[in-house]
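# Report on the structure
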Amino acid sequence: MVTARIGHAWVTREGRRLLADPGLTLAFLLGAGALALFVLYPTVRVLVYPGLEDYLAIPRSVRWMQAARNSLLSTVLSTTTAVLVGLAFAFATTRPDMPGRAFFRGVALLPLFAPPFMVAFSYILLFGRQGLITRHLLGLDVNIFGPQGLWMVQTVAFFPLAMLVIAGVLESVNPSLEQAARNLGADEWRVVRTVTLALARPGIAGAALVVAISVLADFGNAVVIAGGWPLLATEAWFRMEGMADLRGASLVVALLMVPTTALFVLERYWVGRRRYTTITGRGSRLQRPPTHPLLKGVTFAVCVVMSALVLLVYLGVLAGAFTAVWGRDWSFTLEHWHLASDRAATLWASLRVAAGAGLVTAVAGILLAFLTGRALPLRRVLDFLAVLPGALPGVFVGVGYVLAFNRPPLELVGTPWVLVLALAFWHLPLGYQAAVAQLQQVDRSIEEAAANLGARGLHVLRDVYLPLLTRAFVEGFSVSFVRAVTNVSIAVFLVSPGNVVATFAILNMIGNGIWGGAAALTTMLLLVTFATLGLARALAGRVVRPLPGG
Amino acid sequence: MAAHLRLAEVTKRFGPTVAVDRVSLEIEEGSFFTLLGPSGCGKTTLLRVVAGFHLPDRGEVYLRERRITHLPPHLRGTAMVFQEYALFPHMTVEENVAYGLRMRRVPAAEVRARVARVLELVGLVGQERKYPHQLSGGQQQRVALARALVVEPEVLLLDEPLSNLDAKLRVRVREELRELQRRLGQTTVYVTHDQEEALALSDRIGVMNEGRVLQVGTPEEIYLRPKNRFVAEFVGLANFLEGYWVSPGVVRTATGDLRVGQGAALGGRALLAVRPEEVRLHRGAPEGAVNLLRGRVRSVTFLGSVRRCTVELDGVSWVVDVRGEESVRPAEEVYLEVPPDRARVVEEG
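Rules behind the numbers
- Residues numbered from 1 in each chain as written.
- Chains lettered and ligands numbered in written order.
- Predicted model: local features only at pLDDT ≥ 70, side-chain atom pairs only at ≥ 80, totals over all residues.
- Helix = DSSP H or I, 4+ residues; strand = E, 2+ residues; numbered from the N terminus.
- Buried ≥ 20, exposed ≤ 12 C-beta atoms within 10 Å, placed from the backbone.
- Contact = placed C-beta atoms within 7 Å.
- Axes fitted to C-alpha atoms, helices over the stretch in contact; angles between N-to-C directions.
- Parallel < 35°, antiparallel > 145°, perpendicular 65-115°, else oblique.
- Left-handed = near helix turned anticlockwise from the far one by under 90°.
- Nonpolar A, V, L, I, M, F, W, Y, C, P; charged D, E, K, R; others polar.
- Domains from an automatic or database assignment.
- Pairing = 2+ DSSP bridges.
- Right-handed = clockwise from strand over helix to strand, strands pointing away.
- Core = buried A, V, L, I, M, F, W, Y, C linked by C-beta atoms within 7 Å.
- pLDDT = per-residue confidence, 0-100.

Along the backbone of chain A there are 26 helices and 2 strands. Evaluated residue by residue, chain A yields a buried proportion of 50% over its 550 residues. Taking all contacts inside chain A whose residues are at least 6 apart in sequence as the whole, residues at least 24 apart take part in 82%.

Printed below as a string of structure tokens:
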């Protein structure tokens, strides 16, 4: 009797009706099972692997407390500058009277396609002790390794994230609000201060949280440029690599997960709800009023300088790939390309792994979005698990998969599958949210019409949604692919001798001082990435007819 | 008395389209002036030229004979109520209304007093701390009005402010707006496509089409003495008859000769406009009536106070309104009587 009542509250009548459909039930079990196995299980494994006494011992470890303090410091510094630069770019790209705004936007997107260590690597080539610019052009002796280098590199690497979030918010500020402010007596400067930026404040806060998560979890840049400066994200790997200390590694990543999860929850459930919904009636569209000349000048200058720094990232690596011996012999050579070609197998492995991850992310994202859009039991739990990986640092997922899949019955470590699955489920939130956004565009009545005409359960998915979801698929696949092919934070934990991916090989080459080869292989990786993306878009473009007006 | 707001030969182009075409207007102090026209006629563009959002390509704008054509919007004293209200979503009602005063650096104590006064004026006392999204459409509209009024603008500009309200509320707010404007003696320029609104609110109306002001006059003049076909058709309904003058006061049409109140050059072409409610409909030929047209009723629509009949004349169909209680049936043979003083001569176009 009691069970029946609990069951009644747990599974709604609508949910029961849906579960009576075998296809839907199968999909539900598949989705829920995948989330439990590949998201929940590794997470729990990490958290329970160290004992309570290990957790209690953390405050007594000098090195870890130092790493925690350093991580906090670099997060505060890099987040602040990245958000300020991102704000400048977002502002520049949303003012119609800003010269070069399309160019700035394009340049700002470039770092999103680069492997996470690329900015650090390039800046060592350009601004380090053997730096082309610092040493050979300016004659300076600069040590870029350490916190100051990390700060600069993370600013360049992560301001694009801030830009994307803030630009979205600024774009949505109704021009008539700015015009109304002008009309009521505000000059150009005060319009921006009291209306434009005031409205964007929640968006800026959200951007700061997103960037802070990325900075905290940043492994690639930190491992290349932080030098001997301990950080939580790199500490986990040093534990594993140097000492095979699984307990220590899981403890560190568990420690790192606390702030990233807190920031994530804050972003999703607090800032997300504080977005201002602009009241819009009908009305003819207005132009934004002109921007204050001084503000325009400052923004423009920031964008020019930062664009140069971004372009230098690519140029530095390109130069490194063709220079005989960096710092000593500046003659042109193709030798590094031979070296890189010897490692072409790693590129192939990267492609396979990333394509697999992209595919799994896109399919799982769509399936889960479809399930959580329905009155099924546990839908809020599924939704939470589908976005949870966004709160987890890459090193956490890496350690989690090692712990979860290094023994029977699921002994996957050592196979390429473990890397595919780890990358796929780490990027699941991207595929899932893309699919949710697409599904929200579909009017419920379309589905009802299909059901009314006799389509049931999974047939609705196939007949009504799948054509519309091709977009979500392309988007989910592309984002997951790019991030997987450039990933290092997970790869370092899960590559096995037969499955070395390119980023891992490059990281080793950098570590061993083979800069030319590393630069050449990085360039190849970028070419392959862009080529694959272009191909995917072209194929998708043939399949998906653009929606009218969309 | 000199005009409060004066436009001289204002022209505004967007690319190849001429949105406002050589418009000259004079608006008296304390008066309620309406720009009336269909969508895309340039009335909103003209309002924005006055507000300073658009720089006219040619022509000048004068406020009390001071040239303000190139003055930036925030220095003009032309507070505007936007069609979509444009309330700041991150500010409370109070903050929204105080915004213009803060921008003018009015002392805080005075800001409080003036905001309180204007909120009382528009009936929003008690809503000070709410945010726009917590208000109904009608309340939002009042906040927008209060925000514009509180700065005591030289000229108040209203851009279709009632178009987002439902029909009943629109009529009520309309009356309140008119009453408030009279009480404050606030010079007002109002933009609408709704002819009923324009007639009910305005001291004077400027009817616009395709960027041009076609006629300026009091509501009575616009309705009873439209100058051309467009004004007659856009403000109210009108039946048209084409013909030419055969003698002073007589126009020959395809349906017969009509006596009209006005005279004009013999032999010239004439276009007559007659309102549906001014035509008398008879079942049989009335004794001693002039201007009788024979026709056949095609359809009848009952609209409550009136019955709207479509009557087929020789080749043209007219709209004729009769009182609701009169019974007219389709296919009936009827006579239409047009009183000479109601057959107005209007210009083509």
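Additional details are given in the paragraphs that follow.
Residue and element names in this part refer to chain B. When you line up the elements, Y85 lands in the loop between strand 6 (80–81) and helix 2 (93–103). For Y85, a count of 26 C-beta atoms within 10 Å puts it in the buried group. In this structure, the C-alpha to C-alpha distance between Y85 and Q140, residues 55 residues apart in sequence, is 7.2 Å.

Turning to the packing of helix 19 (residues 394–404) of chain A against helix 20 (residues 416–426) of chain A, a few remarks are in order. Residue and element names in this part refer to chain A. Two elements in contact, helix 19 and helix 20, have axes separated by 10 Å at closest approach and are oriented at 140°. In terms of their interaxial angle, helix 19 and helix 20 are classed as oblique. Considering the relative orientation of helix 19 and helix 20, their crossing is right-handed. Contacts between helix 19 and helix 20 involve G394, V397, G398 and Y401 from the former and V418, A422 and W426 from the latter. Counted by class, the contact of helix 19 with helix 20 contains 5 nonpolar, 2 polar and no charged residues.

Much of the literature gives interface size as the accessible area that the parts lose upon coming together. Residues and elements named next belong to chain A. Under the domain assignment used here, chain A contains domain 1 (15–45 + 331–544) and domain 2 (54–275 + 291–318). The distance between the C-alpha centroids of domain 1 and domain 2 comes to 24 Å. Counting residues at the interface gives 25 residues for domain 1, matched by 28 residues for domain 2. For the side of domain 1 that touches domain 2, the elements supplying multiple residues, two or more each, are helix 19, helix 24 (491–494), helix 25 (502–511) and helix 26 (515–543). The element that contributes the greatest number of residues to the side of domain 1 that touches domain 2 is helix 26, accounting for 7 residues. A breakdown of the residues in the side of domain 1 that touches domain 2 according to their chemical character gives 17 nonpolar, 8 polar and no charged.

All names here are of chain B. Structurally, chain B comprises domain 1 (5–232) and domain 2 (237–346). Contacts between the two partners involve 6 residues from domain 1 and, on the opposite side, 6 residues from domain 2. Looking at the side of domain 1 that touches domain 2, its residues break down into 2 nonpolar, 1 polar and 3 charged.

Further remarks concern the interface of chain B and chain A. With 27 residues of chain B at the interface, the matching set in chain A holds 24 residues. Put simply, the parts of the chain that give the side of chain B that touches chain A at least two residues each are helix 1 (43–51), helix 2 and helix 4 (137–149) of chain B. Per-element tally for the side of chain B that touches chain A: the top contributor is helix 2 of chain B, with 3 residues. When its residues are assigned to classes, the side of chain B that touches chain A shows 15 nonpolar, 9 polar and 3 charged.

Turning our attention to the sheet that holds strand 4 (residues 58–63) of chain B. Residues and elements named next belong to chain B. Spatial ordering of the open sheet is given by 2-1-4-5, a layout of 4 strands whose pairing is antiparallel. Each end of this open sheet is capped by a strand with a single partner; those strands are strand 2 (17–27) and strand 5 (66–67). Here strand 1 (residues 5–14) runs beside strand 2; their pairing, made up of 7 bridges, is antiparallel. Residue pairing across strands places F14 opposite T17, the latter belonging to strand 2. The sheet contacts of helix 1 involve strand 1, strand 2 and strand 4, and relative to strand 2 the element is tilted by about 60°.

Attention now goes to the sheet that holds strand 14 (residues 269–274) of chain B. Residue and element names in this part refer to chain B. Pairing in this open sheet of 5 strands is antiparallel, and the strands run 13-12-11-14-20 from one edge to the other. Two strands close off the open sheet at either side, each with one partner strand: strand 13 (256–259) and strand 20 (344–346). Between one strand and the next, the sheet's axes are offset by a mean angle of 45°, whatever the strand orientation.

The next point concerns the environment of A:P160. All names here are of chain A. Residue position: P160 is located in helix 9 (residues 147–171). On a C-alpha basis, the gap between P160 and L109 in space is 6.0 Å, while along the polypeptide they are 51 residues apart. The contacts of P160, once residues within four sequence positions are left out, are A108, L109, P111 and L112.

Attention now moves to the pairing of strand 17 (residues 306–312) of chain B. Residue and element names in this part refer to chain B. As paired elements, strand 16 (residues 292–302) and strand 17 share 6 bridges and run antiparallel to each other. Paired with S299 across the two strands is T310, which belongs to strand 17. As consecutive antiparallel partners, strand 16 and strand 17 are separated by 3 residues, and within that stretch G304 has a phi angle of approximately 100°, a positive value. Here strand 17 pairs with strand 18 (residues 317–323) via 7 bridges, running antiparallel. By the bridge assignment for strand 18, R308 is matched with D321.

All names here are of chain B. Most of strand 8 (residues 188–192) sits inside the fold, with 5 of its 5 residues counted as buried. Both faces of strand 8 are covered, namely the face carrying T188, Y190 and T192 and the face carrying V189 and V191. Sheet topology places strand 7 (residues 156–159) next to strand 8; 4 bridges connect them, and they run parallel. The residue bridging L158 from the neighbouring strand is Y190, located in strand 8. Of the crossover connections in this fold, the one passing from strand 7 over helix 5 (residues 167–184) to the parallel strand 8 is right-handed.

Attention now moves to the environment of B:L293. Residues and elements named next belong to chain B. Mapping L293 onto the fold places it in strand 16. The exposure class assigned to L293 is buried, which follows from the 21 C-beta atoms found within 10 Å. If sequence neighbours within four positions are ignored, L293 has contacts with T255, G256, L313, Y335, L336 and V338.

What follows is about the nonpolar core. In a soluble, globular protein the nonpolar side chains are often hidden away together inside. Residue and element names in this part refer to chain A. Counting 272 residues, the largest nonpolar core has A162, I166, V211, V253 and A422 as the members making the most contacts within it. If one sorts the elements of this core by residue count, helix 11 (residues 188–217) sits on top with 16 residues. Not counting residues up to four positions away in its chain, the partners in contact with V211 are T79, A82, V83, F158, L161 and A162.

This part takes up unusual backbone geometry. Residues and elements named next belong to chain B. Residues other than glycine seldom take positive phi values, yet R64 does so here, at roughly 45°. Counting through the fold element by element, R64 comes out in the loop between strand 4 and strand 5. Under the C-beta neighbour-count criterion, R64 is labelled partly exposed, with 13 such atoms within 10 Å.

What follows covers the packing of helix 3 (residues 22–48) of chain A against helix 17 (residues 344–372) of chain A. All names here are of chain A. At a closest axis distance of 10 Å, the pairing of helix 3 and helix 17 adopts a crossing angle of 115°. Handedness of the crossing formed by helix 3 with helix 17: left-handed. Residues A27, F28, G31 and A34 of helix 3 lie in contact with helix 17, whose contacting residues are A364, L367, L368 and L371. Taken together, the residues of the contact of helix 3 with helix 17 sort by class into 7 nonpolar, 1 polar and no charged.

Residues and elements named next belong to chain A. The predicted model of chain A averages 85 in pLDDT, with 87% of residues at 70 or higher. Taken element by element, the predicted model of chain A shows its lowest mean pLDDT in helix 1 (residues 2–10) (43) and its highest in helix 5 (residues 62–94) (94). Counting contacts from residues 1–9, a segment whose pLDDT is below 50, to residues more than four positions away or on other chains yields 0 contacts. pLDDT under 50 marks residues 545–550. Its contacts with residues more than four places away, or in other chains, come to 0 contacts.

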